[in-house]
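# Coordinates in review
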Amino acid sequence: MELFYSSTRGSSETVTASQAILQGLAADGGLYMPTEIPTLNLDISKLSKMSYQETAYEVMKLFLTDFTEEELKDCIAHAYDSKFDTPEIAPLVDADGAFYLELFHGSTIAFKDMALSILPYLMTTAAKKNHVKNEIVILTATSGDTGKAALAGFADVPGTKIIVFYPKNGVSPIQEKQMVTQKGKNTFVVGIHGNFDQAQTGVKKMFADPELNAALNEAGYQFSSANSINIGRLVPQIVYYVYAYAKLYENGVIEKDEKINVTVPTGNFGNILAAYLAKNMGLPIDKLICASNENKVLYDFFTTGVYDKNRKFILTSSPSMDILISSNLERLIYRIGGNDAEKNAAFMQALNGEGRYEITAGMREQLTDFYGNYADEQETAAAIRTLYDKTGYVIDTHTAVASSVYSKYREATGDQKKTVIASTASPFKFPRSVMNAIDEKYNSLNDFDLVDELSSLANVPVPQAVEELRSAEIVHRTECEIEEMPEVVRRFLGNA
Ligand SMILES: *Cc1c(COP(=O)(O)O)cnc(C)c1O
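In this report, we go over the structure that sits alongside the text. Worth saying up front: this structure is predicted, and the values here are computed from it rather than measured. Each chain carries its own residue numbering, running from 1 in the written order of its sequence. Given that the model is predicted, a residue must reach a pLDDT of at least 70 before its local features are reported, and side-chain atom pairs must reach 80 or more before they are shown or counted; all residues, however, enter totals for whole chains, interfaces and linings. Heavy atoms from the whole structure form the basis of all side-chain values; hydrogens and water molecules are not counted.

## As for unusual backbone geometry
Heads up, the condition is: The helix count covers DSSP runs of H or I at least four residues long, the strand count covers runs of E at least two residues long, and both are numbered beginning at the N terminus.
One non-glycine residue, Phe 269, lies in positive phi territory at about 70°. Its place among the elements puts Phe 269 in the loop between strand 10 (260-265) and helix 12 (270-280). Even without glycine at this site, Asn 339 takes up a positive phi of about 55°. With respect to the helices, strands and loops of the structure, Asn 339 is situated in the loop between helix 14 (329-336) and helix 15 (341-353).

## Some points on the site of the ligand
Formally: The rule for a residue being near a molecule or strand is that one of its heavy atoms must lie within 4 Å of it. Within 3.5 Å is the distance limit for a polar contact, defined as a pair of N or O atoms, with the added protein rule that one can donate a hydrogen and the other accept it, and that residues adjacent in sequence qualify only through two side-chain atoms. Computed with the Shrake-Rupley method and a 1.4 Å probe, the accessible areas treat only the protein chains shown as cover for residues. Under the scheme applied, nonpolar residues are Ala, Val, Leu, Ile, Met, Phe, Trp, Tyr, Cys and Pro; charged residues are Asp, Glu, Lys and Arg; polar residues are all the others, including Gly.
Neighbouring the ligand are 15 residues; Lys 112, Gly 267, Asn 268, Asn 271 and Thr 424 lie closest to it. Note that an oxygen atom of the ligand is positioned 2.6 Å from one of the side-chain N or O atoms of Lys 112. Its free accessible area being 380 Å², the ligand has 96% of it covered by the protein chains. When the residues that make up the shell around the ligand are grouped by side-chain class, the tally is five nonpolar, eight polar and two charged.

## Regarding the sheet that holds strand 5 (residues 98-102)
Selection rule: For two strands to be treated as a pair, DSSP must find no fewer than two bridges joining them. Every axis corresponds to a line fitted to the C-alpha atoms, with the helix fit spanning only the stretch in contact, and the corresponding angles, defined between N-to-C directions, vary from 0 to 180 degrees.
What the six strands build is an open sheet, ordered 4-5-15-10-11-14; its pairing is mixed. One side of each edge strand has no neighbouring strand; the edge strands of this open sheet are strand 4 (92-95) and strand 14 (370-374). Averaged over all pairs of adjacent strands, the angle between strand axes in this sheet comes to 25°, irrespective of strand direction. Bridge count between strand 10 and strand 15 (residues 419-423): three bridges; the pairing is parallel. Counted as the bridge partner of Val 262 is Val 420 from strand 15.

## Considering the packing of helix 14 against helix 15
Selection rule: Comment on the angle field: the value is read as roughly parallel under 35 degrees, roughly antiparallel over 145, roughly perpendicular from 65 to 115, and oblique elsewhere. It is the rotation of the near helix from the far one that decides the hand of a crossing: anticlockwise by less than a right angle makes it left-handed, clockwise makes it right-handed. In this description, contact between two residues means that some pair of their heavy atoms is separated by no more than 4.5 Å.
Viewed as axis vectors pointing N to C, helix 14 and helix 15 meet at an angle of 135°, and their least axial separation amounts to 9 Å. In this view, helix 14 runs oblique relative to helix 15, as classed from their interaxial angle. With respect to the hand of their crossing, helix 14 and helix 15 are arranged in right-handed fashion. Contacts between helix 14 and helix 15 involve Glu 330, Ile 333 and Tyr 334 on the former and, on the latter, Ala 341, Asn 344, Phe 347 and Met 348. Its residues assigned to classes, the contact of helix 14 with helix 15 comprises five nonpolar, one polar and one charged.

## Quick word on the sheet that holds strand 3 (residues 32-34)
Read from one edge to the other, the open sheet built from three strands follows the order 2-1-3, with strand pairing classed as antiparallel. Across the chains shown, the open sheet's two edge strands, defined by having one partner strand only, are strand 2 (14-15) and strand 3. Note: strand 1 (residues 5-7) against strand 3, three bridges, orientation antiparallel. Each bridged residue has a counterpart across the sheet, and for Ser 7 the counterpart in strand 3 is Tyr 32. Helix 14 contacts strand 1 and strand 3 of the sheet and is inclined by roughly 50° relative to strand 3.

## Focus on the side chain of Ser 403
For clarity, the cut-off: For the exposure calls, accessible area comes from a 1.4 Å probe over protein chains only, and a residue counts as buried if that area is under 20% of its type's maximum, exposed if over 50%, partly exposed in between.
Within the fold, Ser 403 resides in helix 18 (residues 397-413). When its relative accessible area of 9% is taken as the criterion, Ser 403 is described as buried. In this structure, Ser 403 is in contact with Tyr 100, Ala 383, Ile 395 and Ile 421, ignoring residues within four places of it in sequence.

## Looking at the nonpolar core
Generally speaking, soluble globular proteins have nonpolar side chains that are buried together. Convention followed: We call a set of buried residues a nonpolar core when its members are Ala, Val, Leu, Ile, Met, Phe, Trp, Tyr or Cys and they connect through side-chain atoms within 4.5 Å of each other.
Within the largest apolar cluster, 108 residues are counted, with the highest numbers of intra-cluster contacts made by Tyr 5, Leu 64, Tyr 241, Phe 269 and Tyr 357. The leading source of residues in this core is helix 11 (residues 231-250), at 13 residues. If near-sequence neighbours (up to four positions away) are discounted, Leu 64 is found in contact with Tyr 5, Ala 17, Ile 21, Leu 72, Leu 122, Ile 231 and Val 235. One finds Ala 95, Ala 98, Val 434 and Met 435 within the second-largest nonpolar core, a separate group that totals 36 residues.

## So, the packing of helix 3 (residues 52-63) against helix 4 (residues 69-79)
One way to put it is that helix 3 packs onto helix 4 with a least axis distance of 10 Å and a crossing angle of 135°. As far as their axial angle goes, helix 4 and helix 3 are oblique. By crossing handedness, the relation of helix 3 to helix 4 is classed as right-handed. Between helix 3 and helix 4, the residues in contact are Gln 53, Ala 56, Tyr 57, Met 60 and Lys 61 and Glu 69, Leu 72, Lys 73 and Ile 76, respectively. Looking at side-chain class alone, the contact of helix 3 with helix 4 contains five nonpolar, one polar and three charged residues.

## Considerations on helix 22 (residues 485-492)
This is how the line gets drawn: Directions drawn from the helix axis to the C-beta atoms are what define this arc.
Considered for burial, the residues of helix 22 that qualify are Met 485, Val 488, Val 489 and Phe 492. Summarising the axial view, the buried residues of helix 22 lie within an arc of 100°, below the 170-degree limit, and thus occupy one face. Residue Gly 494 follows helix 22 closely and has a positive phi angle near 70°.

## Examining the environment of Gly 337
Note that Gly 337 resides in the loop between helix 14 and helix 15. Along the chain, Gly 337 and Leu 283 lie 54 residues apart, while their C-alpha atoms are 22 Å from each other. Apart from residues lying up to four places away in sequence, Gly 337 is in contact with Lys 343 and Met 363.

## What about the environment of Arg 364?
Counting through the fold element by element, Arg 364 comes out in helix 16 (residues 361-364). Residue Arg 364 is classed as partly exposed on the basis of its relative accessible area, which comes to 36%. In this structure, the C-alpha to C-alpha distance between Arg 364 and Tyr 5, residues 359 residues apart in sequence, is 25 Å. Sequence-distant contacts of Arg 364, defined by excluding residues within four places in its chain, comprise Phe 302, Thr 303, Thr 304, Gly 305 and Ile 359.

## A short note on helix 6 (residues 119-129)
For helix 6, the buried fraction is high: nine of the 11 residues fall into the buried class. Turning to helix 6, its buried residues number three or more, namely Leu 119, Pro 120, Tyr 121, Leu 122, Met 123, Thr 124, Thr 125, Ala 126 and Ala 127. Two residues or fewer after helix 6 comes His 131, characterised by a positive phi angle close to 55°.

Following this line, the structure appears as structure tokens:
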């Protein structure tokens, strides 16, 4: 059966999966959603014997129906290979009554690798399928993590180039080093003299600039986006929930059809939306526990039905969740509103204008699958310390937010169902916050000494991605003013 995609904001027009991947965002500003959610008709005993790659094929083929078996298997084989430091790709760790699904074994040691390892292959395959002759130029603005994961994913992928803009003084030293040492002839990294919002606005302007786009087309290029609203990022994220469930069954932790809970540390709502889609495909998931940091706009939404971004933006120790506009929530709003694009567009217009909207009582009734809560900075640090003291297992700050919220959930409800916690970054990515949470005495050490201390304390070798950084050569030195961004892009593309 062929599956089509339509925009959450209107126009009855549908596109194929490959067209949705190529376009990223729909022309009316909406996000693409499948016109129906496919069913996972697979026997658990079969599923539990499958490798990550085999599971990926079974799940993704249901969504990307215009890809041939050979194409999809080829994309999967290129993505989930030895870039990951374990053949399991996403291992489960049992610690203190929960199952941590480690999504950080890819090349940049954060969960964005799970989707950004495969997106470049999905995109180049989609380009071929749709007879796109131009080379694809990925433009990305980053506050740190996405940029590196996108660079690593697209590096040396034929038929693509990637240009990443980051705020020169707005990312951590490790994050900056990760980006400016990126190898690959098709990669370009620019530090801008401005903040993340300015970088993001600059990129959006270039996407919408007809003159620039025409000049690029003339020179054989076209822009595309690796942003988390692309369904080419969403679909690969469904895979690991199915895989985790199958592994729990295989290991005798759960019976056939036994329901589990899933806890996800949430920012842009992409990861937890993937879990929601897995549930709607028929995977036996009960509660979707949505964990926020002090930027708790989603907690407030789940408890009141009001989404309100009019509040102070708080910098926390879990920076990848410091977000006030969770873009992917739009897909949930659209669905609980009865796939009513007009209604959804009105909510999004209100968000754009007044910065808030309130959903209807009928829509709220459909949110019973979700439980939302948040952890403040002290609770996040305490979650790292407590888990380490009890078990010796060390988690990063984002995962700690989820761990803390899961404890609150269990206390509030007494629910004893087996629970998977999405572990979204390696603790080696945030060594200072993690080590300080365990003991303040580490505060005087530099980042690389902290990494060594963490390695011996957690009894885990330093990941290759961090090890390489110690001696990596800086290859990207371009800086620019905000207004110069289009000029820099043209220069990179041979004065297009
Ligand atoms: C991006 C990110 C998140 C948030 O994921 P969303 O899909 O945006 O909700 C959580 N943790 C880490 C480490 C991340 O990089």
